[in-house]
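Here are the chains, one letter per residue:
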Amino acid sequence: MKPTILSGMQPTNDLTLGQYFGALRNWTELQREYNGLFCVVDLHAITVRQEPAKLRRRTLDVVAMYLAGGIDASVSTLFVQSHVPEHCQLQWILSCLTSFGECSRMTQFKDKSSQHADNVNVGLFTYPILMAADILIYNADLVPVGEDQKQHLELTRNLAERFNHIYSDTFTVPEPFIPKVGAKIMSLQEPEKKMSKSDPNERATLFLTDTDDQIRSKLRRAVTDSGSEVIYDQEHRPGVSNLITLYHLATNKSVADIEKEFDGRGYAPFKEAVGEALVDLISPLRQKYLEIRSDEESLNKVIKMGAEHARERARRTLRKVYKKTGFVEL
Ligand code: AQP
């Protein structure tokens, strides 16, 4: 049996280059070596208020982008989180093992509750426990996460160990998979902030559905730093360093070669080149996506098959967990 990897994305908007380099591209590489489970986490998405019709549409958009990005539904299990109710059932059990203090320490809760001060709901607070259930219900060995999710994975590991200690060995304690480069893609307008699909400033974010002209224009207007040298220095030149990272990820050129290529040429030609490299990357992806997205019947077949596979595994784990917890079997 190959080891299992699990990951997911929220259908809160179109996906961005952050999701692509921070997650999707790695998933497609990992799916041959591992038993891959990739989900669209619609339950997580409603911790922030969503319009029902948009949520429904975006869930299928994300499924289509997974497929366009290279997830092979005949090799990996591609499913929608709400189609597997066992996640929520396990979440309740894990909630009873999680202290209030553990959830309070989550930096993403602090960030999101200040961003959505009018809707600091309990779901936002207990979100990391649902994430733990998503992972543990499949006994995932590896979870490809960006830097921002490291803390949630640590909680997952603690909960797995806690359950195992109280009730006997049940869950696999998952390991993080964090890519060395591109673990965090930054905003094009505020390079100290991560690129986010819900950023109200559209210029800050490169969507995987952007047209070639939009990509070029966003790159031209990307914030760089004072000075004119193309040198990687995350601390003092976050703007240009983010662009160097994007160029490196899109072309595979090393940072040293990029610095040499643009030595003494200033920011303008560099930004132009990054824009072109990203057009070369995103354009075929977008075309593939549009083609896949136009066939909803096939998309529905893919998620139905995914839900069936996922539920079979999830039911097995939940039965074991219920028994160990002391619930009477029906
Ligand atoms: N900027 C990023 N750089 C690297 N990785 C990123 N990820 C997201 N943004 C970046 C990684 O993508 C996966 C799925 O993320 P998500 O869509 O579930 O939610 P998120 O991390 O909350 O992303 P956003 O764009 O900020 O969404 P909203 O605005 O809806 O909250 C994760 O593995 C994440 O690390």
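Refer to the structure presented above.
Everything numeric here is computed off the predicted structure, so don't read it as measured data. (Residues numbered from 1 in each chain as written. Predicted model: local features only at pLDDT ≥ 70, side-chain atom pairs only at ≥ 80, totals over all residues. Heavy atoms only, no water.)

Asks: Please set out the overall build of the chain residue by residue, giving values where relevant.
Replies: Regarding its fold elements, the chain presents 13 helices and five strands. For 330 residues, the compact-globule estimate of 2.2 N^0.38 gives 20 Å, and the chain sits close to it at 21 Å. Taking the principal axes of its C-alpha atoms as reference, the chain extends roughly 70 × 45 × 40 Å. Classification of the 330 residues of the chain by burial places 54% in the buried group. Sequence separation of at least 24 residues holds for 75% of the intrachain contacts in the chain that already meet a minimum separation of 6. When the accessible surface of the chain is summed, it comes to about 15,600 Å², and 51% of that surface belongs to carbon and sulfur atoms. (Helix = DSSP H or I, 4+ residues; strand = E, 2+ residues; numbered from the N terminus. Rg over C-alpha atoms; globule rule 2.2 N^0.38 Å. Buried < 20%, exposed > 50% of the residue type's maximum accessible area, 1.4 Å probe, protein only. Contact = heavy atoms within 4.5 Å. Areas by Shrake-Rupley, 256 points an atom, 1.4 Å probe, with all protein chains shown as cover.)

Asks: So what's going on with the nonpolar core? Residues and values would help.
Replies: Membership of the largest hydrophobic core comes to 57 residues, with the highest contact counts inside it found for Leu17, Tyr66, Leu246, Phe270 and Leu278. Ranked by residues supplied to this core, first place goes to helix α12 (residues 267–293) with 11 residues. When sequence neighbours within four positions are dropped, the list of residues in contact with Tyr66 reads Gly8, Met9, Leu15, Leu24, Trp27, Phe38, Cys39, Val40, Ile71 and Leu78. (Core = buried A, V, L, I, M, F, W, Y, C linked by side-chain atoms within 4.5 Å.)

Asks: Tell me about the packing of aromatic side chains, and please be specific about residues and values.
Replies: Describing an aromatic ring pair means giving the distance of the ring centres and the angle of the ring planes. Tallying each qualifying case throughout the model produces 12 aromatic pairs. On the basis of an interplanar angle of 70° and a centroid distance of 5.0 Å, the ring pair of Phe109 and Phe125 is categorised as edge-to-face. A residue pair is termed long-range when its members are at least 10 positions apart, and Phe109 in helix α6 (residues 107–115) and Phe125 in helix α7 (residues 122–136) qualify at 16 residues. Grouping residues by exposure puts Phe109 and Phe125 together as buried. Aromatic side chains Tyr322 and Phe327 sit 4.9 Å apart centroid to centroid with 80° between the ring planes, which places their arrangement in the edge-to-face category. The partly exposed category is assigned to Tyr322, whose relative accessible area is 28%. Judged by its relative accessible area of 40%, Phe327 is partly exposed. An aromatic cluster is present here, built from Trp27, Phe38 and Tyr66 joined pairwise through their rings. (Phe/Tyr/Trp six-rings, centres within 6.5 Å; stacked < 30°, edge-to-face > 60°.)

Asks: Tell me about the site of the ligand, and please be specific about residues and values.
Replies: Of all residues adjacent to the ligand, which total 20 residues, the nearest are Thr12, Ile185, Ser196, Lys197 and Ser198. Between the ligand and Thr12 there is a distance of 2.6 Å, counted from an oxygen atom to a side-chain nitrogen or oxygen. A distance of 2.8 Å separates a nitrogen atom of the ligand from a polar atom in the backbone of Ile185. Taken together, the elements giving at least two residues each to the shell around the ligand come down to β1 (4–9) and α1 (17–30). Of the residues forming the shell around the ligand, the biggest block, four residues, is contributed by α1. (Near = heavy atom within 4 Å. Polar contact = N/O pair within 3.5 Å; in protein donor to acceptor, adjacent residues only side chain to side chain.)

Asks: Quick rundown of the side chain of Arg293? Include the residues and the values.
Replies: Relative to the elements of secondary structure, Arg293 occurs in helix α12. In terms of polar contacts, Arg293 uses its side chain to reach the side chain of Glu296, at 3.0 Å.

Asks: Outline helix α3 (residues 52–69), supporting the account with residue identities and numerical values.
Replies: The terminal C-alpha atoms of α3 lie 26 Å apart, and with 18 residues this matches the ideal 26 Å at 1.5 Å per residue to within 8%. Where burial is concerned, most of α3 is hidden: 13 out of the 18 residues are buried. Note on α3: the residue one or two positions beyond its end, Gly70, has a positive phi of about 120°. (Expected span 1.5 Å × (residues − 1).)

Asks: Can you explain the packing of helix α10 (residues 238–251) against α12? Please cite residues and give values.
Replies: Where α10 contacts α12, the two axes come as close as 9 Å, and the packing angle between them is 40°. Comparing their axes, α12 and α10 come out oblique. In this structure, α10 meets α12 at a crossing whose hand is left-handed. Here Val240, Leu243, Ile244, Leu246, Tyr247, Ala250 and Thr251 of α10 come into contact with α12, specifically with Tyr267, Phe270, Lys271, Ala273, Val274, Ala277 and Leu278. (Axes fitted to C-alpha atoms, helices over the stretch in contact; angles between N-to-C directions. Parallel < 35°, antiparallel > 145°, perpendicular 65-115°, else oblique. Left-handed = near helix turned anticlockwise from the far one by under 90°.)

Asks: Report on the pattern of salt bridges, specifying residues and quantitative values.
Replies: Tallied over the entire structure, the rule returns 22 salt bridges. Note that Arg286 is salt-bridged to Asp212, the shortest N-O span being 3.0 Å. Of this pair, Arg286 sits in helix α12 while Asp212 is found in helix α9 (residues 212–220), placing the two residues 74 residues apart along the sequence. What makes Arg286 buried here is its relative accessible area of 11%. Residue classification places Asp212 among the partly exposed residues on the basis of a relative accessible area of 21%. Of the charged contacts in the structure, one is a salt bridge between Arg316 and Glu312, with a shortest N-O distance of 4.0 Å. (Salt bridge = Lys/Arg side-chain N within 4 Å of Asp/Glu carboxyl O.)

Asks: Give me the lowdown on the side chain of Ser187, citing residues and values where you can.
Replies: Tracing the backbone through its elements, the reader meets Ser187 in the loop between β5 (175–177) and α9. A distance of 3.0 Å separates a polar side-chain atom of Ser187 from the backbone nitrogen of Gln189.

Asks: Hey, could you go over the pairing of strand β3 (residues 77–80) for me, with residue numbers and the actual values?
Replies: With burial as the criterion, each face of β3 is covered, one bearing Thr77 and Phe79 and the other bearing Leu78 and Val80. As defined by bridge partners, strand β2 (residues 35–40) adjoins β3 across four bridges and the pair is classed as parallel. Residue pairing in the sheet places Phe38 in a bridge with Leu78 of β3. (Pairing = 2+ DSSP bridges.)

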